[in-house]
Amino acid sequence: MTLFWNWLDRVWIKLASFKLAMVLLVVVMLLSIPGTIILQYNISNVDPGIQYDYDFWHFAQKLQLFTSYHSFWYVALIVAISIMIVACSEQRWPQMWKLATAKPVALGKEAIARQPEGLRHHWNTTRTKDEVLGETLAEVRRGWAKPLVLEQGPDSFQVFWQAGRWSRIANYLVHTSLLTIFAGGLVSSLYGFEGAVNIPNGGASDSFLMFKEGKSSGLKIAPGGLKNERLFGFRVQATDFEVQFYKDYPGRPKAFISQVNILEKGRIMKSGTLRVNEPMKYKNFTLYQASYGPMDDFDVQLRLVDKKTPFSNQSFRKVRLGEPIELAKVDPKFGSDLLLVPIRAAANIQSLGPGVQFQEFRGHQPAGRPFWVLQNFPQFDFERREGPYGIVLDGVKELYFTGLQVASDPGAPIYWLGCAGLLIGTFYALFVTHRKYYLRFERGEIDFVGTIHRLPLGFQAYVAKLAERLKASTTTQEQGVKPS
Amino acid sequence: MTLFDWAVRLMNTSAFVYLAACFFYIFAIASSKKTTSEFWSRTGMISVLTGFAMHTGALGMRWYIGGISRPPWTNLYESLVFFAWGVVLFQMYTQFKWKLRLAGVVGMPLVFILMGMSVMTPNKGVEPLIPALQSYWLKIHVVFGMLAYAGFTTAACIAFLQLMRNGVSLSKIGAGIALMACFNLAISGGKESFKTGHFYMAKTAWVVGGDGHRVQAKDTYREYEGGPVITRMEEVPNANIAFFGSFALFAAAAAVFIWGRRRPTGATASLTQNPSVEEAARRGYDLSALPFGLFVGGLAAMVGLFVVIGNGIQHSQTLTLHSNPYLTMLLLMTFFFATAFAVITRRYRSFLSVLPSAERLDELSYVNILFAFPFQTLLLITGAIWAFYAWGRSWGWDPKETWALITWLAFLIYLHGKLLMRWKPNLLSAVAIVGFVILVFAFLGVNMVLSGLHSYGAA
C-alpha cells in the first residue's frame, strides 16, 4: 500500500511539471480548431455527415469529429487540464503563500545597493530621526498604506510598506474558478437539456422535441409521439403571436412577441410575454422566443352590410379561415339557409393589398362561384356582386406559429459563480502588482527602495515621484516652526 | 446631403488621412537626416490625430442618427470601423504616453486596412436592430471586444519592434514578410488563378439594395435555391505576368533569405539579453544581396500588378476595386509592410536608435497584453450571458465563440510563458504575433470562411 502511495506521489510530482502544462495548453488550443471547421451536430445541422464522402464520414465517426467538443479526446483533455491545474497549484502554493504573507525583512546597505538603479533613491536630511520617522509614517498613511517599522536604533530606523500583495495568489482564484466552470458545465451536460416546440397561434402543446439531452433529465417520453418527444408535465399555450417589422425597412423584423400561458390541470399557473432576449422561467424550464413560421391561416375581421341601408345594419365579426357564418342569424334578409365561408386569404394580392376569398354554401353544396374581397377596395364587392349584402374587411391578419426553444441548465448557477470568480481573479491578478517599499534612515542619510514583481521599467517613474514627495516632507521644516 | 451621407463621407475621408499617415511614417524612417525624420514622424502623428477626430465625429454622427439605444457597432461595416477606432486610440496612447512614435509604422497600415475594407463595404446603413441584437449586452460585449482586440493588436505591433530592437536576424524577418506576401497574394488570386494561369477578380453588377436603390456590388448567384453563394469572376487582362512574377519572386526571396544568410560581421558569440543599438545592428544585419534583390523585385512586380489592375479597371465596365475589398486590402497591406521592411534595412541603425531598449519594448508589449487579457475574458463571459438570454445556452461551440476562446488561449500561453516559464523576450514576442494572427482570423476570417451565428446582422 505504501508502495502505491509512493508511486502516486511520484506521478503527482511529474504531473506538476510546468512544461507539461504548457504543452497541454497548446494542445487544447490546437484541438479546439477542428470542431470549428467540420460541421457539428446541433439543432440546425441534423446530420453534418451528409456533406462528406463515406471514407471521411467513417473516419470522423470513429474520432467523434462531428461532436468534437463532447468527444472522448476533448473531454480527456479537459480532465487532464483540470488535474494539471490542481497539481501545479498545489506544488506552487507554499511558495506563493510565502511571497504574499512573508514577514518583511529589513534591507542592509549592500542589499539596497544591489537593487536596480531606477528603483532606489538616496538623499540627505538635517532633521532628527524622530521628525523624519514621524513625517514618513504620516506620508505613508496619507497614501492609504500601513507602515511597519522594521528596526529602530538611536539614530536609525527602517520603515516598510506594501500594496497589492494578494495579487500574488489571485491566480488561485482564477484557477479555482476555471475548475468551477468545468464543474458547472459537467452538471449542465449531465442533467440539462435543450429542445424546441412550435405552437400555432392560439394553440397549445404538452410536449416538445428534444435535441440535446443529458444522462437524466427526468422527463417522460410523450406517449404515441416521436422518439425524441418529451412531456413538459404542463401545458404551454400561445394565446397570441405577432411579428413587427420596421416601417422604413421592408422585411427587417423589429420584434417577435408571443403571449404565453402555462396551464396545469386547466388552471393558468403563469402567463407572460416572450420576446427575443426576454425568456420566461417556469419550474426548471426556460422558454425562449426562437423562431416563427407561417401557419397558412388568417384571422379575418369583417362587417356584413345591408346594401340598401349600408350604415344602419352592420354586423361585426371576427372569423378564422373555414369558419362558417350563418347569414340568416345575421339578418334574415341576407339568405335563409346560406352559409358564408372565408376559404382563402392572402396578405397581398397582386399589389392590391390584403384580400379574402369567400364561398357561399347551401347545406354542404357550394352555391355560386367563390369570390375575392379586397380590404382596400370595398366598393369592388358592393358593385360587382349580386345579392342583398356586401362585405367590408376591417383586418386580415396572417397567423404564425411561434417557435420556442426549451432548455434547462441546472449547472448555470455553478458556472456563473465560476465566471464571476474568473473575472475578479483575472483583473486582480493582471491589473494589480505587488509593490514593496523600504525607507532606511541612518544618521541623516535616507535610502528609499521600491520593488515590484513585474513591469519594473514602468514602475521607475512612479517610484521617482514617490521619492520626490518623501524627500520634500523629510527634508523641509514645517511652515511656521523655525529651528532654534 | 443628409447627416448620414456626411457621416459616411467623413469616415471615408478619415481612412485616406490614415493612409497618408502610413506614408509619412515610411518617410520618417527613410530620411537620413534626424530633423527631417522628426518632421515626418510629427506629420504622421498630426494626420493620425486629424483622422481620429474625423473618425470619432463620424461615429458620433452615426450614434446620433441611430438613437441612444443603437450604438454604432452593430454590423460588419461598423465593427470594422469601431475596431479600427480602438486600435488608433491605443496607437495614440502608445505614441504620447510612451513616446513610441514608430509604433505607427506597424500599426497604421493595420488601421488603414480595416478602414479601407469599411470604405468598400457596400452596406453602410444605420439600420435598426433585429430582435436578437436588441440587448444591452450587445453594447458592452462589443466594447469589451474592442478593448481586448485593440490591446492585443498594439501588443503585437510593439512585439514586432522588440524583435527588431533585440537584433533578430533581418533575413528571418524578411523571410517572414516575404512568406506573408506569398500568402496574401495566394488568397488574392485564389484557386482559379493557380489552376488557369490567369489573374481573376470578382465581377461587379448593379443590384437592388435593401432600401430599394440600385447599388454596385459583387456579382453573385446561387446554382440552386439554398445553395452556396458563388461569385462571378472576371479575368484581368495581362495581369498574370505581374501576379505570378511577384508571387515567384517573393517565394524565392523567402527561401534564399533563410538558406543564403550571411554571417553577420563582428557578431559576438554570446548573446546579451538587452543589447545596445550597435550590438543589435551588428547581430541583426545578415542580409545578402541576392535575396534582398529578389524581395525588391517582388515588390516592383507588385507595383506593376497595381498598374495592370488599374488599367484593367479603366477598360472594363464590370471591374471595380470595391467588389474586391479583401484582395485590395491584402495587396496594399503587403505593399506597405514590404516597403517598410525594404526601407528599414537601408536605415537599419538609425531605425534602431530611435527605439527604446528591447527590455522596455518587451515590457510595453506585456503591459498591453496584461490590459487586454481581462477584457478578452469579459468578452467571452458577456457573450455567454447574452447567448444565455437570447438562445437558451451559454456556450454552444459556435465557430466565432470557439475562435474567441482560441485567441484567449493563445494569450494565456503568453502569460504563462512570461510568469511561469520565464521565456525569453523573443519567444514571447513571437507568441504575441501568432496570437494576433489568430485574433485576425477570429475577428474577420471566421466570418469569411466559416459559417456561424455571428453574421454581423445582414452583412
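In this text the structure is predicted, and so the values were computed from the model without any measurement. (Residues numbered from 1 in each chain as written. Chains lettered and ligands numbered in written order. Predicted model: local features only at pLDDT ≥ 70, side-chain atom pairs only at ≥ 80, totals over all residues. Heavy atoms only, no water.)

**Student:** I tried to follow the overall build of chain A on my own but got confused; where do I start?
**Tutor:** The number of helices and strands found in chain A is twelve helices and 18 strands. By the compact-globule yardstick of 23 Å for 484 residues, chain A is too spread out, its C-alpha radius of gyration being 39 Å. Taking all 484 residues of chain A together, 42% fall into the buried category. Pairs at least 24 residues apart make up 59% of the contacts formed inside chain A by residues separated by at least 6 positions. Within the structure as shown, chain A displays about 27,200 Å² of accessible surface, and the carbon and sulfur contribution to it stands at 58%. Charged side chains in chain A number 55 positive and 42 negative. The centres of these two groups are separated by 6 Å. (Helix = DSSP H or I, 4+ residues; strand = E, 2+ residues; numbered from the N terminus. Rg over C-alpha atoms; globule rule 2.2 N^0.38 Å. Buried < 20%, exposed > 50% of the residue type's maximum accessible area, 1.4 Å probe, protein only. Contact = heavy atoms within 4.5 Å. Areas by Shrake-Rupley, 256 points an atom, 1.4 Å probe, with all protein chains shown as cover. Lys, Arg positive; Asp, Glu negative; His and termini not counted. Charge placed at Lys NZ, Arg CZ, Asp CG, Glu CD.)

**Student:** How should the interface of chain B and chain A be read in this particular structure?
**Tutor:** One frequently used descriptor of interface size is the decrease in accessible area upon assembly of the parts. In this assembly, 54 residues from chain B lie in contact with 51 residues from chain A. Carbon and sulfur atoms make up 74% of the area that chain B and chain A hide from each other, which totals about 4,500 Å². Across the chain B-chain A interface, the total number found is zero salt bridges. Applying the counting rule to chain B against chain A returns 15 residue pairs in polar contact (both at pLDDT 80 or more). Of all elements in the fold, only helix H12 (358-391) and helix H13 (399-419) of chain B reach the threshold of two or more residues within the side of chain B that touches chain A. Looking at the side of chain B that touches chain A residue by residue, the classes come out as 39 nonpolar, ten polar and five charged. (Buried area = accessible area lost by both parts, 1.4 Å probe. Salt bridge = Lys/Arg side-chain N within 4 Å of Asp/Glu carboxyl O. Polar contact = N/O pair within 3.5 Å; in protein donor to acceptor, adjacent residues only side chain to side chain. Nonpolar A, V, L, I, M, F, W, Y, C, P; charged D, E, K, R; others polar.)

**Student:** Can you help me understand the sheet that holds strand S3 (residues 156-163) of chain A in this one?
**Tutor:** Consider a sheet: its strands pair through backbone hydrogen bonds, and that pairing is either parallel or antiparallel. Residue and element names in this part refer to chain A. Across the sheet, which stays open at both edges, the five strands sit in the order S1-S18-S17-S3-S2 with antiparallel pairing between neighbours. Only two strands of the sheet have a single partner each, and these edge strands are strand S1 (120-124) and strand S2 (148-153). The mean angle between the axes of side-by-side strands here comes to 10 degrees, regardless of whether they run parallel or antiparallel. Summarising the sheet, S1 and strand S18 (residues 445-452) pair through five bridges and their orientation is antiparallel. Residue pairing across strands places His-121 opposite Phe-448, the latter belonging to S18. Across the sheet, helix H7 (residues 129-142) is in contact with S2, S3, strand S17 (435-442) and S18; its angle to S3 comes to roughly 5 degrees. Across the sheet, helix H12 (residues 456-475) touches S1, S3, S17 and S18, and the angle it forms with S18 is around 150 degrees. (Pairing = 2+ DSSP bridges. Axes fitted to C-alpha atoms, helices over the stretch in contact; angles between N-to-C directions.)

**Student:** So what exactly am I meant to see when it comes to the nonpolar core here?
**Tutor:** Proteins that are soluble and globular tend to have nonpolar side chains buried together. Residue and element names in this part refer to chain B. One finds Tyr-149, Phe-199, Phe-250, Phe-295, Leu-305, Phe-351 and Leu-352 to be the most contacted residues of the largest nonpolar core, which totals 173 residues. With 17 residues, helix H5 (residues 136-165) is the largest single contributor of residues to this core. In contact with Phe-250, not counting residues within four places along its chain, are Ala-178, Ala-181, Cys-182, Leu-185, Phe-295, Gly-298, Leu-299, Met-302 and Ala-338. (Core = buried A, V, L, I, M, F, W, Y, C linked by side-chain atoms within 4.5 Å.)

**Student:** Can you help me understand the sheet that holds strand S15 (residues 365-374) of chain A in this one?
**Tutor:** All names here are of chain A. Here four strands make up an open sheet; going across it, the order is S12-S13-S14-S15 and the pairing antiparallel. Because the sheet does not close on itself, it has two edges, and the strands there are strand S12 (325-326) and S15. Here strand S13 (residues 338-346) pairs with strand S14 (residues 355-362) via eight bridges, running antiparallel. When the bridges of S14 are listed, Leu-340 appears paired with Glu-360.

**Student:** Teacher, can you tell me more about the packing of helix H2 (residues 18-31) of chain A against helix H5 (residues 72-101) of chain A here?
**Tutor:** Residue and element names in this part refer to chain A. Where H2 meets H5, the closest approach of the two axes is 10 Å, and the angle between their N-to-C directions is 150 degrees. It follows that H2 is roughly antiparallel to H5 by the angle criterion. The element H2 and its partner H5 pack so that their crossing is left-handed. Contacts from Phe-18, Leu-20, Ala-21, Leu-24, Leu-25, Val-27, Val-28 and Leu-31 in H2 reach Trp-73, Tyr-74, Leu-77, Ala-80, Ile-81, Met-84, Cys-88 and Arg-92 in H5. Its residues placed into classes, the contact of H2 with H5 shows 15 nonpolar, no polar and one charged. (Parallel < 35°, antiparallel > 145°, perpendicular 65-115°, else oblique. Left-handed = near helix turned anticlockwise from the far one by under 90°.)

**Student:** Where do I start with a nonpolar patch on the surface in this structure?
**Tutor:** A contiguous nonpolar surface patch, about 650 Å² in accessible area, is contributed by A:Met1, A:Phe4, A:Trp5, A:Trp7, A:Leu8 and A:Val11. Of note, A:Met1 is situated in the segment before helix H1 (2-15). (Patch = residues over 30% accessible without salt bridge, like charges linked within 9 Å, V, L, I, M, F, W, Y side chains within 5 Å.)

**Student:** What exactly am I supposed to notice about the pattern of salt bridges here?
**Tutor:** Oppositely charged side chains can pair when the atoms bearing their charge come close. Tallied over the entire structure, the rule returns 30 salt bridges over all chains. Linking A:Asp381 and A:Arg385 is a salt bridge whose minimum nitrogen-to-oxygen distance equals 2.8 Å. Pair check on accessibility: A:Asp381 and A:Arg385 agree, each one buried. In this structure, B:Asp362 and B:Lys418 form a salt bridge, with 2.7 Å as the shortest nitrogen-oxygen distance. Here the residue B:Asp362 occupies a position in helix H12, and B:Lys418 occupies one in helix H13, the gap between them amounting to 56 residues. Accessibility expressed as a relative area gives 17% for B:Lys418, which makes it buried. When salt bridges with common partners are traced through the structure, they connect A:Arg127, A:Glu131 and A:Glu135 into a single cluster.

**Student:** Would you mind showing me how to read the confidence of the model for chain A here?
**Tutor:** When pLDDT is low, close inspection of the predicted coordinates is not appropriate. Residue and element names in this part refer to chain A. When the pLDDT values of chain A are averaged, the result is 87; 95% of them are 70 or greater. Least confident of the elements in chain A is strand S11 (residues 314-320), whose mean pLDDT is 77; most confident is helix H11 (residues 412-431), at 96. Predicted confidence for residues 480-484 stays below pLDDT 50, and this span has zero contacts to residues more than four positions away or in other chains. (pLDDT = per-residue confidence, 0-100.)

**Student:** I would appreciate a short explanation of the environment of A:Thr176 in the present structure.
**Tutor:** Residue and element names in this part refer to chain A. Tracing the backbone shows Thr-176 in helix H8 (residues 170-191). For Thr-176, a relative accessible area of 47% translates into the label partly exposed. In this structure the C-alpha to C-alpha distance between Thr-176 and Ser-89, which are 87 residues apart in sequence, comes to 9.6 Å.

**Student:** Help me understand the packing of aromatic side chains, please; the structure alone is not making it clear to me.
**Tutor:** In this description, a pair of aromatic rings is defined by centroid distance and the angle of the planes. Summed over all chains, the structure comprises 74 aromatic pairs over all chains. Considering the side-chain rings of A:Phe241 and A:Tyr400, the 6.3 Å spacing of their centres and the 75 degrees angle between planes classify their relative orientation as edge-to-face. Placement of A:Phe241 in strand S6 (residues 229-245) and of A:Tyr400 in strand S16 (residues 389-408) is noted, with a sequence separation of 159 residues between them. A residue is classified by how much of its surface remains accessible, and A:Phe241, at 1% relative accessible area, is buried. Judged by centre distance (6.0 Å) and plane angle (45 degrees), the rings of B:Tyr285 and B:Tyr348 are tilted. Taken as a pair, B:Tyr285 in the loop between helix H8 (277-284) and helix H9 (289-314) and B:Tyr348 in helix H11 (residues 348-354) lie far apart in primary sequence, 63 residues in all. The partly exposed category is assigned to B:Tyr285, whose relative accessible area is 26%. On the basis of relative accessible area, B:Tyr348 is assigned to the buried category, the value being 5%. For the cation-ring pair, A:Arg385 lies above A:Phe371, with the distance from its terminal atom to the ring centre recorded as 4.2 Å. Across the ring face of A:Tyr389, the terminal group of A:Arg385 is positioned such that the distance to the ring centre comes to 5.0 Å. (Phe/Tyr/Trp six-rings, centres within 6.5 Å; stacked < 30°, edge-to-face > 60°. Lys NZ or Arg CZ within 6 Å of the ring centre and 35° of its normal.)

**Student:** Sorry, what's going on with the pairing of S6(A) here?
**Tutor:** Residues and elements named next belong to chain A. The sheet contact formed by strand S5 (residues 204-213) and S6 spans five bridges and is antiparallel. Each residue of the ladder has a partner; that of Ala-204, found in S6, is Gln-237. In this sheet, strand S7 (residues 253-264) lies alongside S6 in antiparallel orientation, the contact comprising ten bridges. Residue pairing for S7: Gln-237 is matched across the bridge by Asn-261.

**Student:** Sorry, what's going on with the confidence of the model for chain B here?
**Tutor:** Residues and elements named next belong to chain B. Chain-level pLDDT for chain B is 89 on average; 94% of the residues reach the 70-or-more range. Mean pLDDT per element in chain B: strand S3 (residues 214-218) is the minimum at 77, and H13 is the maximum at 95. Note that residues 455-459 has pLDDT below 50 and, in this model, eleven contacts with residues that lie over four places away or in other chains. Per the prediction output, this complex has pTM 0.89; the corresponding ipTM is 0.89.

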